[in-house]
There are 4 protein chains.
Amino acid sequence: MKRIAVLTSGGDAPGMNAAIRAIVRKGIYDGLEVYGINYGYAGMVAGDIHQLTVDDVGDTISRGGTILYSARYPEFQEIEGQQKGIEQLKKFGIDGLIVIGGDGSYRGGAALTKLGFPTIGIPGTIDNDISGTEYTLGFDTAINTVLDSVDKIRDTATSHVRTFIIEVMGRNAGDIALWTGVGSGAESIVIPEVNFTMEEVVKEIEDGRKRGKKHTIILLAEGVMNGNDFAAELEKYKSFHTRVTVLGHVQRGGSPSARDRVLGSLFGYNAVQLLEEGKGGICIGIRGTQIVFNDIIETLETKRHVPYLSLYQINKEISF
Amino acid sequence: MKRIAVLTSGGDAPGMNAAIRAIVRKGIYDGLEVYGINYGYAGMVAGDIHQLTVDDVGDTISRGGTILYSARYPEFQEIEGQQKGIEQLKKFGIDGLIVIGGDGSYRGGAALTKLGFPTIGIPGTIDNDISGTEYTLGFDTAINTVLDSVDKIRDTATSHVRTFIIEVMGRNAGDIALWTGVGSGAESIVIPEVNFTMEEVVKEIEDGRKRGKKHTIILLAEGVMNGNDFAAELEKYKSFHTRVTVLGHVQRGGSPSARDRVLGSLFGYNAVQLLEEGKGGICIGIRGTQIVFNDIIETLETKRHVPYLSLYQINKEISF
Amino acid sequence: MKRIAVLTSGGDAPGMNAAIRAIVRKGIYDGLEVYGINYGYAGMVAGDIHQLTVDDVGDTISRGGTILYSARYPEFQEIEGQQKGIEQLKKFGIDGLIVIGGDGSYRGGAALTKLGFPTIGIPGTIDNDISGTEYTLGFDTAINTVLDSVDKIRDTATSHVRTFIIEVMGRNAGDIALWTGVGSGAESIVIPEVNFTMEEVVKEIEDGRKRGKKHTIILLAEGVMNGNDFAAELEKYKSFHTRVTVLGHVQRGGSPSARDRVLGSLFGYNAVQLLEEGKGGICIGIRGTQIVFNDIIETLETKRHVPYLSLYQINKEISF
Amino acid sequence: MKRIAVLTSGGDAPGMNAAIRAIVRKGIYDGLEVYGINYGYAGMVAGDIHQLTVDDVGDTISRGGTILYSARYPEFQEIEGQQKGIEQLKKFGIDGLIVIGGDGSYRGGAALTKLGFPTIGIPGTIDNDISGTEYTLGFDTAINTVLDSVDKIRDTATSHVRTFIIEVMGRNAGDIALWTGVGSGAESIVIPEVNFTMEEVVKEIEDGRKRGKKHTIILLAEGVMNGNDFAAELEKYKSFHTRVTVLGHVQRGGSPSARDRVLGSLFGYNAVQLLEEGKGGICIGIRGTQIVFNDIIETLETKRHVPYLSLYQINKEISF
């Protein structure tokens, strides 16, 4: 192993720069050359590849986004794209790859692995919806960002008798809604992984009102439905003076939290070590304070992410 | 003057608590009794009035929202409501009133003044759309909150070739969009006070693209149109991969900025002094570091707020 | 079990209010009465005890500090104090206790356990120096607070050729320095758990200078020595234009992070359940996403907290 | 005027990058070439000068510090240094200069003016101690940073009976202590511009204690004395369980506030316009929303900055 490369793919997430920085520094520390690929798999196929120095990643650990840019590139699902990509890597003399991203990035990584190119996957997405790890890179920052917004909304909510519906990201996963629901003491959390009826939500609002609560906050995962549709459904039962806030892209940005900086550093460092040991086809994760390694193909094909569901029940008993 | 009262009305704004605190403390310091009226004019008419102590306002200077709650109460435009309100105040022995809020609050204050009840107005609204003052209470916090969000969106914007439309509050005023547009280096600012054509906006986006800019940020005041309509208009010209973020109620909340805490303290302190001097029918403002006093009726009827329009031109020349 | 009580003791930590809130809500949800004890063991002995309602803990999840106040009370190490405390609890009809705090709080809890009073310990301290848990309540917020400060110092550090020594809390533990050192990309981390020589630190600074680095940041745990002494030691070798910042009590405050809010909720909820199951003498911890229970006496007497030392080596290889 | 240059000098301040950005963009917009001088007057004399493009200042408006670095350079007080500096500027074909900084920067600017080189001064310092302007660039960010810290300290202060002494920057000026004292509701503010006796401070603490206050916060300007000396003085009277926090360099950093970004943009834009109009020897300021121009030599020699002293008296009456 002499030359390795790194790319970020899919939605960007805070902490990606910490991972890139660790990969570059650890690689150089060990005598490797490290290359960056811009715009994910699209840039790989296009040959948008350049060497990275220690200075290139200076002062990046505290920056949101990704200095390597990112892109979605569905064409990489085809074998032609994959082969073209490997060709490009070989042209630069690169013999190992680290991909940082979500599901789609992992699928690319698995494909490259099947074609014999040593690839390591780092789970980087705010959605926390990747198997083989307790936490993905960016999730911790995202939930802090959401909470900061919900706290602000609660400031103003207390003035009026209103029901605030806050739609948060997460694709098909409810993790962001679940954690920020507990963290903000939301009266109701609505996520795709738990069945619910509008009647229940109505009851939660009305129970709160009976106990003298002037306002209600509902944390809604985008995977269930969008906030405005939810409000419309709710208003069919009764006028709850709903206000909808769709937090949107704010959730992806911001300086990474302490956890995400440390997690990115750990992930990046270990990814380089794996390549150095001649390993590939592995995705990295964390369990407690333990870094864990899983087969990327097996993880993708057989495991399913499950959120921390006991939080759901706990919230019912402490945020009524 | 022995007993004075304070209420907050309309949309709540950060810094209202700082003003309430200053009123209560300065009043008590000078030997007055100070009463709080909950829920604005609605609470005044309903007699939701209670005495406030030094401790009641302890640790509130850093809190968003308003500890006196707020409400909109259009019924107060009728003379019956106004007379009923004065009756309630007199029942509590209150002989001077301070109202904190926007336009609607001022109209209430002007009405009470016409009926002979000494009333002082403090401009409290994030919109900065009140005449007779350079800045309203809450505006400074709101523009910092918006900027924090725009910075986060820009983190993620740089990864993709996209056009972000960020809709901000301000009712009919463009102040929030204008200041945060300059503060974030937005490529385009769209406010109600300046005519624009979609062609111009299209040109600004395309000029940026030609110079190599990958992303564009447009700050849109809600007074022009809503973000989704704006995006639809824009897409008629060409697909700009627009993403719309409606910042919503987040903008009203949060711990007040340093300025808003100091401004609230200054406004509250001076309002008490005016009542002590036997004055009424006055609204308070700030010009530079000077506290200014205007006739509330005259201000409402003859003056119109104008935003800091030179910022608009400056932005065109520095954020192209 | 009909009536339980909760106290916070030792240095306060962000997230304590989240735990108190969960205890009160979960208790009431299950039909218990929940009492709060002010000022830790001192208040227990003095009988400063009062019932808590659902509303008493409303809007507290986002607040720093502890609504039950805290105190150090070395007198509780004597059996007389402990017996007096139990007497007071019995006077109020309380038959189970939850203590939130660090080492000292645990010692009190162990003593009560030995005297037969069912007591549960929740690890609440920013120092992360408690055995039987991967993380203590408050640590996550503290490392984010420290990082925010270090980022600000780095802004200004880049302008000058200087060496910044940042002294952080942690008592005898290096966890805060270790995590924030990695999170900020500090050129040097100095903690009590790893031997170091001034020569090594000097070498790290000079190596950086040779590679063109203009500034150096050293994260120093207070358990090693204080910042000014460290600077004096360093200047014996050469003038490095050192600037010392002692972050101090800022590190204890602030709105709790998402993690600390969720962790506090989990800890509080589970503590109540343990008491309901008739258990006592247990301290709660977290491993990964798993809540764990340990014997409080055994934990205190036989286990020693060890920081996440692999971070130390990793930082040497990525922040040179 | 074809080529202009900009430098930052003295202590760096948030918003300097916003000003540099505005200068570069406005200059290029108008067809000028704009050069950056690294490390202030030292770099000017050394010829550390390079052209700046629109891209060089991209994404800098939100960054703390200064991309042009800064330095103190007392040698520039000698005429030889000044002449050498002008020579260097002429070698690059530069015919106008903008200096951003405090007192020292202004003195350099005045000297260049006397030697006939057109120079414009922008007040950039967190201390707010420059005449000819109500606010200096960086002051608004600094007071928000300080308040954030004081709020955190107050969280923990409420748990114990203690007196917190918080030493803040400001050199010989009390502005930072004054504004943040009012903004945090400090029980005592100690600044160089107002005489005080330790007896008064003691009385303020004791009066608070009598009214049931558990903690006291004292905002101390570094221009009076340092925090530890102050604590020692105070403890001579009685043990107040003082804790000292010296906020230090944290105060200089951080992403600039909305105000400082707008102010920097306004200052930079107007500075370029002045040079284009053939003017020099002027320092820029703001009064209310009005940009004002003063003779830099006269300002330096005859005017003295006075803080907003009415805040001092107001605080006594609302934060007792």
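Chain A appears in an unreviewed UniProt entry as ATP-dependent 6-phosphofructokinase from Jeotgalibaca ciconiae. UniProt annotates chain A under Subunit (unreviewed entry) with the comment "Homotetramer."

Q: Could you clarify how one ought to interpret the relation of the copies chain B and chain A in this entry?
A: A rotation about an axis combined with a shift along that same axis relates the two copies of the chain. Rotating chain B by 180 degrees about the axis while translating it 0.0 Å along that axis superimposes it on chain A, leaving an RMSD of 0.0 Å. On the angle and the small slide along the axis, the relation comes out as a two-fold axis. A shared interface surface links the copies, since 100% of the contact residues of chain B are contact residues in chain A too.

Q: Just checking my understanding: could you explain the packing of aromatic side chains for this structure?
A: Working definition: an aromatic ring pair is given by the centre-to-centre distance plus the angle between the planes. Taken as a whole and assessed by the stated rule, the structure comprises 36 aromatic pairs over all chains. Arranged with centres 6.3 Å apart and planes meeting at 10 degrees, the rings of Y135 of chain C and F139 of chain C form a pair that is stacked. The residues Y135 of chain C and F139 of chain C share a single accessibility class, namely buried. On the numbers, 6.2 Å between centres and 35 degrees between planes, the contact of F196 of chain D with F230 of chain D is tilted. With a gap of 34 residues between them, F196 of chain D in the loop between β7 (188-190) and α7 (198-210) and F230 of chain D in helix α8 (residues 227-237) connect regions that are remote in the sequence.

Q: I tried to follow the UniProt feature "binding site: ATP" (unreviewed entry) in chain A on my own but got confused; where do I start?
A: Residues and elements named next belong to chain A. UniProt records the feature "binding site: ATP" (unreviewed entry) for G11, R72, Y73, G102, D103, G104 and S105 in the present numbering. These residues run over 95 residues, yet every pair of their C-alpha atoms falls within 12.8 Å of each other. Positionally, Y73 belongs in the loop between β3 (49-51) and α3 (79-91). For Y73, a relative accessible area of 24% translates into the label partly exposed. Not counting residues up to four positions away in its chain, the partners in contact with Y73 are Y41, A42 and V45. Note that G104 resides in helix α4 (residues 103-114).

Q: Looking at this structure, I do not really get unusual backbone geometry. What am I missing?
A: Keep in mind that most residues, glycine aside, have a negative phi and that most peptide bonds are trans. Even without being a glycine, D59 of chain A presents a positive backbone phi close to 55 degrees. Note that D59 of chain A resides in the loop between β3 and α3. Note on D59 of chain A: relative accessible area 39%, which makes it partly exposed. With phi around 60 degrees, Y39 of chain C is a residue other than glycine that occupies positive phi space. Tracing the backbone through its elements, the reader meets Y39 of chain C in the loop between β2 (33-37) and α2 (40-46).

Q: For this particular structure, what's the right way to read the pattern of salt bridges?
A: Enumeration over the complete set of coordinates arrives at 72 salt bridges over all chains. Here K114 of chain D makes a salt bridge to E301 of chain D, at a shortest N to O gap of 3.5 Å. On the criterion of sequence distance, the pair formed by K114 of chain D in helix α4 (residues 103-114) and E301 of chain D in helix α10 (residues 296-302) is long-range, its members being 187 residues apart. Residue classification places K114 of chain D among the exposed residues on the basis of a relative accessible area of 57%. The exposed category is assigned to E301 of chain D, whose relative accessible area is 59%. Ionic contacts of the salt-bridge type, sharing partners, join the residues K26 and D30 of chain A together with E317 of chain C into one network.

Q: Quick question: what am I supposed to make of the interface of chain B and chain A here?
A: Quite often, the size of an interface is put as the accessible area lost when its parts meet. The interface is formed by 32 residues belonging to chain B together with 32 residues belonging to chain A. Summing both sides of the interface, chain B and chain A together bury roughly 2,400 Å²; the carbon and sulfur share of this comes to 55%. For the pair chain B and chain A, the interface holds 0 salt bridges. At the surface where chain B touches chain A, the tally comes to 4 residue pairs in polar contact (both at pLDDT 80 or more). When residues of the side of chain B that touches chain A are traced back to their parent elements, those giving at least two are α5 (139-157), β6 (162-168) and β9 (242-246) of chain B. By residue class, the composition of the side of chain B that touches chain A is 8 nonpolar, 16 polar and 8 charged.

Q: Would you mind showing me how to read the side chain of E167 of chain D here?
A: All names here are of chain D. Relative to the assigned elements, E167 resides in strand β6 (residues 162-168). An unpaired buried charge is present at E167: no salt bridge exists, and R252, the closest side chain of opposite charge, is 11 Å distant. Reaching out from E167, the side chain makes a polar contact with the backbone nitrogen of G227 at a distance of 2.8 Å. Apart from the residues lying within four places of it in its own chain, the contact partners of E167 are L220, E222, N226, G227, T245, V246, L247 and Q251.

Conventions we followed
- Residues numbered from 1 in each chain as written.
- Chains lettered and ligands numbered in written order.
- Predicted model: local features only at pLDDT ≥ 70, side-chain atom pairs only at ≥ 80, totals over all residues.
- Heavy atoms only, no water.
- UniProt positions renumbered as here; feature names shortened; annotations may be inferred.
- Least-squares fit on C-alpha atoms with pLDDT ≥ 70 in both.
- Contact = heavy atoms within 4.5 Å.
- Phe/Tyr/Trp six-rings, centres within 6.5 Å; stacked < 30°, edge-to-face > 60°.
- Buried < 20%, exposed > 50% of the residue type's maximum accessible area, 1.4 Å probe, protein only.
- Helix = DSSP H or I, 4+ residues; strand = E, 2+ residues; numbered from the N terminus.
- Salt bridge = Lys/Arg side-chain N within 4 Å of Asp/Glu carboxyl O.
- Buried area = accessible area lost by both parts, 1.4 Å probe.
- Polar contact = N/O pair within 3.5 Å; in protein donor to acceptor, adjacent residues only side chain to side chain.
- Nonpolar A, V, L, I, M, F, W, Y, C, P; charged D, E, K, R; others polar.
- Lys, Arg positive; Asp, Glu negative; His and termini not counted.

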